[in-house]
Amino acid sequence: MLNRLLAGLLALLALSAGLAASPSLAGPVRTGHLTAELAAASQGVTPGGEVRVVLRQVIDKGWHTYWRNSGDSGAPTELTWTLPPGWSAGEIVWAPPARKPIGPLMNYGYSGEVLLPVTVRASASARPGDTVTLRAKAAFLVCADVCIPEDADLSLDLKVVAEDPAPDPVWAPRVEAALAAAPRPGQVEAILISGPSGLSIAATGAVLAGGKARDAYFFPYEAGVLDHAAPQTLDRGPEGLTLALKPAPGAAVPSSLAGVLAVDGKVYEIEARPGKALPGAAGLGPPPSTGPSAGPSGGLIGAIAFAFLGGLILNLMPCVFPVLAMKAASLASHGQDRAAARLQGLAFLAGVMATFLALAALLLVVRAGGAAVGWGFQLQSPPVVAALALLMLAVGLNMSGLFEIGGSLQGIGAGAANRNGALGAFLTGALAVVVAAPCTAPFMAPALGWAMTQPAALSLAVFAGLGLGFAAPFTLAALAPGVLSRLPRPGPWMETFRKVLAFPMYGAAAWLAWVIAVQAGPDLLARLLAAGVALAFACWLWGLAQKRAAVGRSARVLGASALVVAGLAVAGAVWPQPASAGSKAPETTGASTNGLAYEAYTPERLATLRAEGRPVFVNYTAAWCVTCQVNERVAFSSRTAAEAFESSGTVYLKADWTRRDEVIATDLARFGRAGVPLYVVYPAGGGEPKILPQLLTPDLVVRAVREAAKG
């Protein structure tokens, strides 16, 4: 019995000795929604020496505290020290912050565990062997859906030693890691540029060279200078990057801008002062994908290969069906004339290549001017859509026989290889490209997304690969004797065939009229319908003039009248509307498509839902995108899809790119895309988003939604 009592006393003495040797007797303090404590990186401090002390926060899940600049709301963590005479504490070394979007606001802070080091200097008169107590009052603002101020009285017992103390085996490596992760100055040179469009920071340095930055964000030290919630647009250069920033409403242009520049997970402390733009800080365009949809491997060769495959598949997309009808009629008309067929094939190839490269050049010029546009950008303009609708109508009326361009199909034979035939094939190729713009085929999206981040010469090479793939089936068929020999001989049947093929053109015109209604409302639709009637009347006049060609004067009068009426019809449809005359397209917030409820996409709404830990499905779409509309009817209209969204709690956001929207264009570029459709699924509880294929099925959507709900 006595032996057990002595053993217990010895164990108690040993425990007491261990506590005395510990760097902190007070230990962690629970404040309500976090646990805080002080710890030292070494097991003592010499007289007049320094010791690294760290404030450790372990924050409850779903809650956060704030950085030195809390952003649009909140308050930073504060430490108020009570130290022995002659002792002093430095400033907090702030850990890199994270963005904390709350509704329309953007805050900066921390979740989980965070270590904030502070340097404490001992008094030169401190006596070795003494144990001193460092005390600090910590004030936190801890927030989730609500914000609660919480305090902690913290203390740390520290031994004064005569020689350099040994590092604490637990805390020394953790404090060193926290210091290494903190932003440091001197690695990046930064210039502040002020202009009519706002502020920009141009940054260069060895750590930024190569133009490989995928994501960048600037955290300002001072509040009230920048609009924290505004997107920061990144432009990469061979030696650095440029970030476009939006000043806070009413804020004066700052004389300098200091803060933390975060680039691909690494942080640098910068102070940008006014100056000229730094060479090499911009010029390569938006960053490549930051998500799982990185561009094709193999650089330029891989991008061209992907573009060629995408061009081949583009022939099978629904938006190209009307022009496929025109190509089929053209090839069939020359089935027995190999020379004419070859000329048609080469002319079609030339038309496709010229139009693809012209569209690509225009796209690059518009982007270089600062506009956020992508593939299919021309269809975001109602006048362009109206002109295309009238063109489709005119082509359909021509194929129906209301008027002729050149001779009839029955008269086409050996003489079909004339210049008019070649010109017609060239124009057919050009029209095919324009109509194909609403579609994004598999393989095509990553290739074009990669091309948009490259210099102009490389971008044009990728678009050339896309054009070659698109033109290849028709051109090769026209050049292949084996294919031509199997085509039926021209005859009266071709006139009926041509008239049947007019109906896909009428369908395309009707679809474009619907796009106009979505883009600009019923007023412009009414103008387009009236223009369509006038254009049909002009085509009838032209056909009548062709039939009365022998009459001479009568034909000339009819032909001139037809041209005047057609010109007035087109002008009436494409002439810009006054701002007050147009009707706004219907809002989509809270609407539903085929029974599946959705909300209008905004970055702020997405950020809020992700902060809540909810699964989110974002559909980047457009009314003029036929592939998008097919997916709407096929993949999203099923009852199983609606039930999967409802049962999983997945929020369906629709990002409508029917009209030009720079926010959506920036999002597409961030995912390595140059056009729609794009389907991004964000899992519950955070994590990397998943990108779905361009062609969807109901099962694929249901499976993606259920997996997202699991996190």
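Residues numbered from 1 in each chain as written. Predicted model: local features only at pLDDT ≥ 70, side-chain atom pairs only at ≥ 80, totals over all residues. Heavy atoms only, no water.

Visitor: Is there a simple way to explain the overall build of the protein chain in this structure?
Guide: Scanning the protein chain from N- to C-terminus turns up 19 helices and 25 strands. Out of the 711 residues in the protein chain, the part that is buried amounts to 49%. For the protein chain, the proportion of contacts with a sequence separation of at least 24, taken over those separated by at least 6, is 76%. (Helix = DSSP H or I, 4+ residues; strand = E, 2+ residues; numbered from the N terminus. Buried < 20%, exposed > 50% of the residue type's maximum accessible area, 1.4 Å probe, protein only. Contact = heavy atoms within 4.5 Å.)

Visitor: How should the sheet that holds strand 25 (residues 690-692) be read in this particular structure?
Guide: Within a sheet, neighbouring strands are paired by backbone hydrogen bonds and run either parallel or antiparallel to one another. Strand order in the open sheet formed by five strands is 21-23-22-24-25, and the pairing between neighbours is mixed. Among the strands making up the open sheet, the edge pair consists of strand 21 (599-600) and strand 25. With two bridges connecting them, strand 21 and strand 23 (residues 651-656) associate as parallel partners. Across the sheet, residue alanine 600 finds its bridge partner in strand 23, namely lysine 654. Along the sheet, helix 18 (residues 662-670) makes contact with strand 22 (616-621), strand 23 and strand 24 (678-682), crossing strand 22 at roughly 110 degrees. (Pairing = 2+ DSSP bridges. Axes fitted to C-alpha atoms, helices over the stretch in contact; angles between N-to-C directions.)

Visitor: Could you clarify how one ought to interpret the packing of helix 6 (residues 382-399) against helix 13 (residues 522-547) in this entry?
Guide: The relative placement of two packed helices is expressed as an angle between their axes plus a distance between the axes. Where helix 6 meets helix 13, the axes come as close as 10 Å, and the angle between the chain directions of the two elements is 30 degrees. Judged on the interaxial angle alone, helix 13 and helix 6 are roughly parallel. Pair helix 6 / helix 13 crosses with right-handed handedness. Between helix 6 and helix 13, the contacting residues are Pro382, Ala386, Ala389, Leu390, Leu393, Ala394 and Leu397 on the first element and Leu524, Leu528, Ala531, Gly532, Leu535, Ala536 and Cys539 on the second. Here the residues of the contact of helix 6 with helix 13 are counted per class, giving 13 nonpolar, one polar and no charged. (Parallel < 35°, antiparallel > 145°, perpendicular 65-115°, else oblique. Left-handed = near helix turned anticlockwise from the far one by under 90°. Nonpolar A, V, L, I, M, F, W, Y, C, P; charged D, E, K, R; others polar.)

Visitor: So what exactly am I meant to see when it comes to the state of the cysteines here?
Guide: Each disulfide consists of a covalent bond between the sulfur atoms of two cysteine residues. If you walk through the whole model with that rule in mind, you get two disulfides. Covalently, cysteine 143 is tied to cysteine 147 through a disulfide, its sulfur atoms 1.9 Å apart. Because the sign of the S-S torsion sets the handedness, a value of about 115 degrees for the bond joining cysteine 143 and cysteine 147 places this disulfide among the right-handed ones. Using a relative accessible area of 1% as the deciding quantity, one classes cysteine 143 as buried. Classification of cysteine 147 by relative accessible area gives partly exposed; the value is 44%. Disulfide partner of cysteine 625: cysteine 628, at an S-S distance of 2.3 Å. Across the disulfide from cysteine 625 to cysteine 628, rotation about the S-S bond amounts to roughly 80 degrees, and the bridge is consequently right-handed. Taken individually, cysteine 625 and cysteine 628 each receive the classification buried, so the pair is uniform in this respect. (Disulfide = S-S within 2.5 Å.)

Visitor: Can you help me understand the pairing of strand 8 (residues 105-110) in this one?
Guide: Looking along a regular strand, one sees the side chains alternate between the two faces of the sheet. With five of its six residues buried, strand 8 lies for the most part within the structure. Examined bridge by bridge, strand 4 (residues 65-71) and strand 8 share three bridges and lie antiparallel to one another. Bridging from a neighbouring strand, threonine 65 pairs with tyrosine 110 of strand 8. Sheet topology places strand 7 (residues 98-102) next to strand 8; five bridges connect them, and they run antiparallel. Pairing of proline 101 across the sheet is with methionine 106, part of strand 8. Counting the residues between successive antiparallel strands, the hairpin from strand 7 to strand 8 contains two residues, one of them, glycine 103, with a positive phi of roughly 60 degrees.

Visitor: Please clarify how the pattern of salt bridges should be interpreted in this entry.
Guide: Between side chains of opposite charge, a pair can form as their charged atoms come close. Inspection of every chain in the model, using the stated rule, returns 14 salt bridges. The partner of arginine 56 in a salt bridge is glutamate 113, with the nearest N and O atoms 2.6 Å apart. Of this pair, arginine 56 sits in strand 3 (residues 50-59) while glutamate 113 is found in strand 9 (residues 113-121), placing the two residues 57 residues apart along the sequence. A salt bridge links arginine 639 to glutamate 643, with the nearest nitrogen and oxygen atoms 3.1 Å apart. Taken together, the residues span about one helical turn, with arginine 639 and glutamate 643 both in helix 17 (residues 639-648) at a distance of four residues. Judged by its relative accessible area of 65%, arginine 639 falls in the exposed class. (Salt bridge = Lys/Arg side-chain N within 4 Å of Asp/Glu carboxyl O.)

Visitor: What should I look at first to understand the nonpolar core in this one?
Guide: Nonpolar side chains tend toward joint burial in soluble globular proteins. Membership of the largest hydrophobic core comes to 55 residues, with the highest contact counts inside it found for Met392, Val618, Tyr620, Trp624, Leu653, Trp657 and Val676. A per-element tally of this core places helix 6 first, with 11 residues. Counting 43 residues, the second largest nonpolar core, distinct from the first, contains Leu55, Tyr110, Ala122 and Val260. (Core = buried A, V, L, I, M, F, W, Y, C linked by side-chain atoms within 4.5 Å.)

Visitor: I keep staring at the side chain of glutamine 57 and nothing clicks. Help me out?
Guide: With respect to the secondary-structure elements, glutamine 57 resides in strand 3. On the accessibility criterion, glutamine 57 (0% relative accessible area) is buried. At 3.0 Å, the side chain of glutamine 57 forms a polar contact with the side chain of threonine 65. Those residues in contact with glutamine 57 that sit more than four places away from it in its chain are Leu34, Thr35, Thr65, Thr77, Gly112, Glu113, Val114, Leu116 and Phe140. (Polar contact = N/O pair within 3.5 Å; in protein donor to acceptor, adjacent residues only side chain to side chain.)

Visitor: How do you make sense of a nonpolar patch on the surface when you look at a structure like this?
Guide: A cluster of nonpolar side chains, Phe308, Leu309, Phe443 and Leu468, forms an exposed patch at the surface whose accessible area comes to about 320 Å². Mapped onto the secondary structure, phenylalanine 443 falls in the loop between helix 7 (419-436) and helix 8 (444-451). (Patch = residues over 30% accessible without salt bridge, like charges linked within 9 Å, V, L, I, M, F, W, Y side chains within 5 Å. Areas by Shrake-Rupley, 256 points an atom, 1.4 Å probe, with all protein chains shown as cover.)

Visitor: Please explain the side chain of glutamate 37 as it appears in this structure.
Guide: Mapped onto the elements of the fold, glutamate 37 is located in strand 2 (residues 34-40). Among the polar contacts listed, one links the side chain of glutamate 37 to the side chain of arginine 56, at a separation of 2.7 Å. Non-local contacts of glutamate 37, meaning those with residues more than four positions away in its chain, are made with Gly27, Pro28, Val54, Leu55, Arg56, Leu154 and Trp171.

Visitor: Help me out: how do you make sense of the packing of aromatic side chains in this one?
Guide: Describing an aromatic ring pair means giving the distance of the ring centres and the angle of the ring planes. Scanning the entire structure with this criterion turns up 20 aromatic pairs. With 6.2 Å between their ring centres and 75 degrees between their planes, tryptophan 67 and tyrosine 108 make a pair best called edge-to-face. In this pair, tryptophan 67 is assigned in strand 4 and tyrosine 108 in strand 8, connecting sequence segments 41 residues apart. One exposure class covers both tryptophan 67 and tyrosine 108, and it is buried. By way of ring pairs, the aromatic residues Tyr598, Phe617, Phe636, Phe645, Tyr652 and Tyr679 are connected into one cluster. Sitting over the face of the ring of tyrosine 221, arginine 68 holds its NZ or CZ atom 3.8 Å from the ring centroid. Its guanidinium or amino end placed over the ring of tyrosine 598, lysine 654 lies 4.2 Å from that ring's centre, counting from NZ or CZ. (Phe/Tyr/Trp six-rings, centres within 6.5 Å; stacked < 30°, edge-to-face > 60°. Lys NZ or Arg CZ within 6 Å of the ring centre and 35° of its normal.)

Visitor: Any chance you could explain unusual backbone geometry here in plain terms?
Guide: Backbone geometry follows two general trends: most residues other than glycine have a negative phi, and most peptide bonds adopt the trans configuration. At aspartate 264, a position not held by glycine, the phi torsion is positive, near 50 degrees. Along the chain, the position of aspartate 264 falls in the loop between strand 17 (257-263) and strand 18 (266-274). We classify aspartate 264 as partly exposed; its relative accessible area is 41%.

Visitor: In this structure, what is going on with the packing of helix 6 against helix 12 (residues 502-520)? I would like to understand it.
Guide: Two elements in contact, helix 6 and helix 12, have axes whose closest approach is 8 Å; the angle formed by their N-to-C orientations is 160 degrees. It follows from the interaxial angle that helix 6 and helix 12 lie roughly antiparallel. Helix 6 and helix 12 meet at a crossing whose hand is left-handed. Each of Pro382, Val385, Ala386, Leu388, Ala389, Met392, Leu393, Val395, Gly396, Leu397 and Met399 in helix 6 lies in contact with helix 12, whose residues at this interface are Ala502, Met505, Tyr506, Ala508, Ala509, Leu512, Val515, Ile516, Gln519 and Ala520. When grouped by side-chain class, the residues that make up the contact of helix 6 with helix 12 number 19 nonpolar, two polar and no charged.

Visitor: What exactly am I supposed to notice about the confidence of the model for the protein chain here?
Guide: Close inspection of predicted coordinates is inappropriate in any region flagged by low pLDDT. Per-residue confidence for the protein chain averages 79 on the pLDDT scale, and 77% of its residues sit at or above 70. The model gives residues 288-294 a pLDDT under 50, and that stretch makes 22 contacts with residues more than four places away or in other chains. Below pLDDT 50 for its whole length, residues 578-590 participates in 17 contacts with residues either more than four positions away or in separate chains. (pLDDT = per-residue confidence, 0-100.)

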